[in-house]
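Structural description and commentary
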Amino acid sequence: MSNATLLQKVTDISQKMASEIHLRSLRDSFIITVPFLVLAGLFIMVNFVFLDPKGMLSSWVASETLISLRGVGDRILNGTMNILSLMLVVLIAFSIASKRKFATPIIPAMVSLAAFLVLMPNSLSLVPAGSTQAVAVSGVISFGLTNAGGVFMAILTAVIATDLFLWISHNQRLQIRLGDEVPPMVAQSFQSMFSIMLTVLAFSVVAALVYGLFQLEIHDIIQRAIQAPLVHLTTNLPGFLTLTTLTNLLFSLGIHPSGIINPILEPPLLVAMQENMAAFAKGELPPHIIVLPFRDLYGHMGGTGTTLALLIALFLRSKMSSHKKFARTVLAPGIFNINEPVIFGFPVLYNPLIMIPFIVYPQINFIIAYFATSWGMVSRIVTYVPWSVPPLLSGWLGSGGDWRNVILQIVLLALGVMIYLPFLAAYEKSLIAGKNQKLVNEIAENAKTDTVAPDPKTQREKTIILMCNEGMSTSIMAKKMSQFAQSAGYPFTIYAINVGRLQEEYEKADLILLGPQLGYMRQSLCEEINNRCPVQILEAGYFSRLDGKAAVLAALSFLAS
């Protein structure tokens, strides 16, 4: 089998996985929960670092005052971290129903929430305050089942309940016919009611049968059979390294791993993160070294592959003016861990000399960070930090204010520069030896196309939507394009979205431009919107240079054709 054939097979499999409705819904739902988790992480730090009665403010503020102030943060934790599973069950079900074109997706979302609560135990064994003996209490729900501890039950419930509801709704044999004389709205409402009752009833019967047969609640079975093994796999160093190596390999082949690896990697690491946060709040040792932000703090500085180290290496030792100019252009987004311009513009993509450190170097970082944490040289990660927080600040926040973690990030970045340098030198030497330096410089300097721009007065109002995985890198590009379009007088509305918002936005678009990282999904996205408007891939050169003018002119040609 040739390399081209193998790569095509990998691309085809990746496209199918990334287009799979349940995986996409899972990815989109987790993206929506990020602000809530960030807020929870912030107040974990506020409550248990700044407002700690034995902490930095204890000399100036009375302990009673500090404890009372923590009440604000406790309430925020109840409304964010402690109901994560409730959020997810609604979001995932809503997303699946929307992608399956169900007219009112809020109905299956509510059905899934009802099914999730149906699976809760009828009573809990609790130890009252001031007592040592547990008593059975009914009519309560444990935060342990609605926070990250219930994430996998929420995922399975949302998927099964939504698919079951939609199947019943569309199954002619299970529909009740009220006759032609009944108004359509009444018939539709009654049919939804029938589907709701059957779905919720099915979950209730299954929960009762499982408990009657095994004396176990379903959440206990999921915890033991699915959640605990997956958490162990992903928080175990070999398993974690396997998945992150595959992530970097896919990205270096131009396949964004968000819809393929992340739905496998992130849920159990999120559970581990919440367990660390809960332990930290109780003053206990956090149980996990590897949690979700561990990946971003130590292996994604500047983005996947820790390409911030590559940019620093370019500034320090590059012999090519085009490379130094490129590094200056993409440094700002790189600081915020947005590195698609580097991957597709430097490029890392299909560049064997740069792919090697891109894939291997982050794994070295993970190994060093793991053992440094295990040996107590740095703190474990105890607050949730989103991937877009710049390096160094992320280390301080994630560790609960430990400067040793910041120093570790600096050391790992310096190590990365040293690892990237010889590969960079070899790559530039190959360009120079092949007499390509002049060509590369000309491409960088003369990227402003010589194409004659159409007269703005001949253009009608158009809406151009840029799209990437999370809408971050394309939002920068959209701003550059809007600035040029406005200055040139083109009546275009240009903005960026993440891939999860496609269903909400595509009907507004006259043209959809995909970031190069989503190029492999073009065909499936065209099918998803029924080819309503052109879907084109943003040329990697324009994207990497953030060349708004060239991108707008390319968009004009797409619109004209």
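This write-up is about the structure you can find in this document. (Residues numbered from 1 in each chain as written. Predicted model: local features only at pLDDT ≥ 70, side-chain atom pairs only at ≥ 80, totals over all residues. Heavy atoms only, no water.)

1. A short note on the packing of aromatic side chains
In this description, a pair of aromatic rings is defined by centroid distance and the angle of the planes. Rules: Ring pairs shown here join Phe, Tyr and Trp side chains whose ring centres sit within 6.5 Å, with only the six-membered ring taken for Trp; geometry is labelled stacked below 30 degrees between planes, edge-to-face above 60, and tilted in between. In this text, helices come from DSSP runs of H or I with a minimum length of four residues, and strands from runs of E with a minimum of two, each type numbered from the N-terminal end.
Applying the stated rule across the entire model yields 13 aromatic pairs. Between Phe-346 and Tyr-427, the aromatic rings sit 5.6 Å apart at their centres with planes inclined by 55°, giving tilted as the arrangement. Of this pair, Phe-346 sits in the loop between helix H15 (340-345) and helix H16 (352-374) while Tyr-427 sits in helix H18 (residues 403-433), placing them 81 residues apart in sequence. Linked through ring pairs, Phe-240, Phe-294, Tyr-298 and Phe-366 together constitute an aromatic cluster.

2. Quick look at the environment of Ser-318
As a reminder, the rule being used: Residue contacts are defined here by distance: any two heavy atoms, one from each residue, within 4.5 Å place the two residues in contact. Under the rule applied, a polar contact is a pair of N or O atoms within 3.5 Å (in protein, one hydrogen donor and one hydrogen acceptor; residues adjacent in sequence only if both atoms are side-chain atoms).
Structurally, Ser-318 is set in the loop between helix H13 (307-317) and helix H14 (321-335). Each residue touching Ser-318, except ones within four places of it in the same chain, is listed here: Ala-313, His-323, Lys-324 and Glu-428. Within the local environment of Ser-318, its side chain forms a polar contact with the backbone nitrogen of Met-320, the two atoms lying 3.2 Å apart.

3. Considerations on the environment of Ser-112
We count it as follows: Burial classes follow relative accessibility: with a 1.4 Å probe on protein chains only, a residue under 20% of its type's maximum area counts as buried, one over 50% as exposed, and anything between as partly exposed.
Following the sequence through the fold, Ser-112 ends up in helix H5 (residues 106-118). Of the residues examined, Ser-112 reaches a relative accessible area of 0% and is grouped as buried. Through-space distance from the C-alpha of Ser-112 to that of Thr-162 is 6.4 Å; in sequence the pair is 50 residues apart. Dropping the residues within four chain positions of it, Ser-112 is found in contact with Val-89, Ala-93, Thr-157, Ala-158, Ala-161 and Thr-162.

4. Regarding empty space enclosed by the protein
How we decide: Think of a 1 Å grid over the protein atoms and nothing else: a 1.4 Å probe that fits but is trapped marks a cavity, an open set flanked by protein within 12 Å on at least five of seven lines marks a pocket, and residues with an atom within 4 Å of a point count as lining. Grid points are joined across faces, edges and corners, and a volume is the space filled by probe spheres set on the points. Throughout, the ten residues Ala, Val, Leu, Ile, Met, Phe, Trp, Tyr, Cys and Pro are labelled nonpolar, Asp, Glu, Lys and Arg are labelled charged, and all others, Gly among them, are labelled polar.
Scanning the model with the defined rule gives one cavity of 30 Å³ or more in all. Each pocket or cavity is described by its volume, and for the largest cavity that value is around 40 Å³. Per-class residue counts for the lining of the largest cavity are seven nonpolar, two polar and one charged.

5. Comments concerning a nonpolar patch on the surface
So the rule is basically this: For patch building, the residue pool is restricted to those with more than 30% relative accessible area and no salt bridge; the joining distance is 9 Å between like charges and 5 Å between nonpolar side chains (Val, Leu, Ile, Met, Phe, Trp, Tyr). Surface exposure here means Shrake-Rupley accessible area, sampled with a 1.4 Å probe, where a residue is shielded only by the protein chains that are shown. Whenever a carboxyl oxygen of Asp or Glu lies within 4 Å of a side-chain nitrogen of Lys or Arg, that contact is scored as a salt bridge.
On the surface, Leu-201, Val-205, Leu-209, Leu-213, Phe-214 and Ile-221 cluster together into a nonpolar patch covering about 600 Å² of accessible area. Residue position: Leu-209 is located in helix H8 (residues 184-214). Of the residues examined, Leu-209 reaches a relative accessible area of 52% and is grouped as exposed.

6. Quick notes on the nonpolar core
Stated formally: As used here, the term nonpolar core means buried Ala, Val, Leu, Ile, Met, Phe, Trp, Tyr and Cys residues forming a set that is joined through side-chain atoms within 4.5 Å.
One finds Val-151, Phe-294, Tyr-298, Phe-346 and Ile-512 to be the most contacted residues of the largest nonpolar core, which totals 116 residues. Broken down by element, the residue count for this core peaks at nine residues, all from H18. If we skip the residues at most four places from it in the chain, Phe-346 touches Leu-310, Leu-314, His-323, Phe-326, Pro-341, Ile-354, Leu-424 and Tyr-427. Counting 21 residues, the second-largest nonpolar core is a separate cluster that includes Met-477, Ala-478, Phe-492 and Ile-494.

7. Quick look at the state of the cysteines
Spelled out, the test is: What counts as a disulfide here is a pair of cysteine sulfur atoms lying within 2.5 Å.
Throughout the structure, instances matching the rule amount to zero disulfides. Of all cysteine sulfurs, the one in Cys-526 lies closest to Cys-533, which takes part in no disulfide; the gap is 8.2 Å. Residue Cys-533 is classed as buried on the basis of its relative accessible area of 8%.

8. Considering the packing of helix H4 (residues 84-99) against helix H7 (residues 151-170)
Packed helices, taken two at a time, are described by the angle their axes make and the gap between the axes. Note the following rule: Helix axes use the C-alpha atoms of the stretch in contact, all axes being lines fitted to C-alpha atoms, and the angles between their N-to-C directions lie in the range 0 to 180 degrees. Working rule for angles: under 35 degrees goes down as roughly parallel, over 145 as roughly antiparallel, 65 to 115 as roughly perpendicular, anything else as oblique. Two helices cross in a left-handed way if the nearer one is turned anticlockwise from the farther one by less than a right angle. They cross in a right-handed way if the turn is clockwise.
One can describe the packing of H4 onto H7 by two numbers: an axis separation of 8 Å at closest approach and a directional angle of 30°. Here H7 runs roughly parallel to H4, going by the angle between their axes. Relative to H7, the crossing made by H4 is right-handed. Contacts between H4 and H7 pair Leu-84, Ser-85, Leu-88, Val-89, Ile-92, Ala-93, Ile-96 and Ala-97 from the former with Val-151, Ala-154, Ile-155, Thr-157, Ala-158, Val-159, Thr-162, Asp-163 and Leu-166 from the latter. Residues that form the contact of H4 with H7 fall into these classes: 13 nonpolar, three polar and one charged.

9. Topic: the sheet that holds strand E3 (residues 462-468)
Here is the rule we go by: Following DSSP output, two strands are said to pair if at least two bridges run between them.
Overall, parallel pairing links the four strands, which are arranged E4-E3-E5-E6 in an open sheet. The sheet is open, and its two borders are formed by strand E4 (492-498) and strand E6 (535-537), each paired with just one other strand. Averaged over all pairs of adjacent strands, the angle between their axes in this sheet comes to 25°, without regard to strand direction. Taken together, the four bridges between E3 and strand E5 (residues 511-514) define a ladder with parallel strand orientation. When the sheet's bridge partners are listed, Ile-464 is paired in E5 with Leu-511. In the packing of helix H20 (residues 473-488) onto the sheet, the strands contacted are E3, E4 and E5, and the crossing angle to E4 comes to about 175°. Most of the contacts of helix H24 (residues 548-560) go to E5, to which it runs at about 130°, and overall it touches E3, E4, E5 and E6.

10. Thoughts on helix H9 (residues 218-235)
For an α-helix, the turn length of 3.6 residues means that residues three or four places apart are oriented alike. Stated precisely, the cut-off is as follows: A helix is expected to span 1.5 Å multiplied by its residue count minus one. The term bend refers to the angle at a residue between two fitted axes, each drawn through seven residues, those ending there and those starting there.
With 18 residues, H9 extends 24 Å between its outermost C-alpha atoms, agreeing within 8% with the 26 Å of an ideal straight helix rising 1.5 Å per residue. Where H9 bends most, at Arg-224, the angle is about 40°. Listed in full, the buried residues belonging to H9 are Ile-218, His-219, Ile-222, Gln-227, Val-231, Thr-234 and Thr-235.

11. Brief notes about helix H11 (residues 262-281)
In this model H11 runs 27 Å from its N-terminal to its C-terminal C-alpha over 20 residues, within 8% of the 28 Å that 1.5 Å per residue would give. Of all 20 residues in H11, 15 are buried; the element is thus mostly enclosed. Backbone geometry just after H11 places Gly-283 at a positive phi near 80°.

12. Some details on the packing of H5 against H7
Where H5 contacts H7, the axes come no closer than 9 Å and their chain directions differ by 130°. Classified by the angle between their axes, H5 and H7 sit oblique to one another. As H5 runs across H7, the sense of the crossing is right-handed. Taking contact as the criterion, the partners of Ile-107, Pro-108, Val-111, Ser-112, Ala-115 and Phe-116 in H5 are, on H7, Met-153, Ala-154, Thr-157, Ala-158, Ala-161, Thr-162 and Phe-165. Per-class residue counts for the contact of H5 with H7 are 10 nonpolar, three polar and no charged.

13. Here we look at the pattern of salt bridges
Side-chain pairs of opposite charge can arise whenever the charged atoms involved come near each other. Taken as a whole, this structure holds nine salt bridges when the rule is applied. With a closest N to O distance of 2.9 Å, Lys-99 and Asp-28 form a salt bridge. Highlighted residues: Lys-99 in helix H4 and Asp-28 in helix H2 (residues 21-50), separated in sequence by 71 residues. In this structure Lys-99 comes out as buried when scored by relative accessible area, which is 12%. Under the relative-accessibility criterion, Asp-28 is labelled buried at 7%.

14. Overview of the environment of Pro-534
Along the chain, the position of Pro-534 falls in the loop between helix H22 (522-528) and E6. Note: C-alpha distance between Pro-534 and Ile-512 (22 residues apart in sequence) is 6.3 Å. The contacts of Pro-534, once residues within four sequence positions are left out, are Asp-510, Leu-511 and Ile-512.

15. Remarks on the side chain of Asn-337
Mapped onto the secondary structure, Asn-337 falls in the loop between H14 and H15. Residue class for Asn-337 comes out buried when judged on its relative accessible area of 7%. If near-sequence neighbours (up to four positions away) are discounted, Asn-337 is found in contact with His-300, Met-301, Gly-302, Gly-303, Trp-387, Ser-388, Val-389, Pro-390 and Pro-391.

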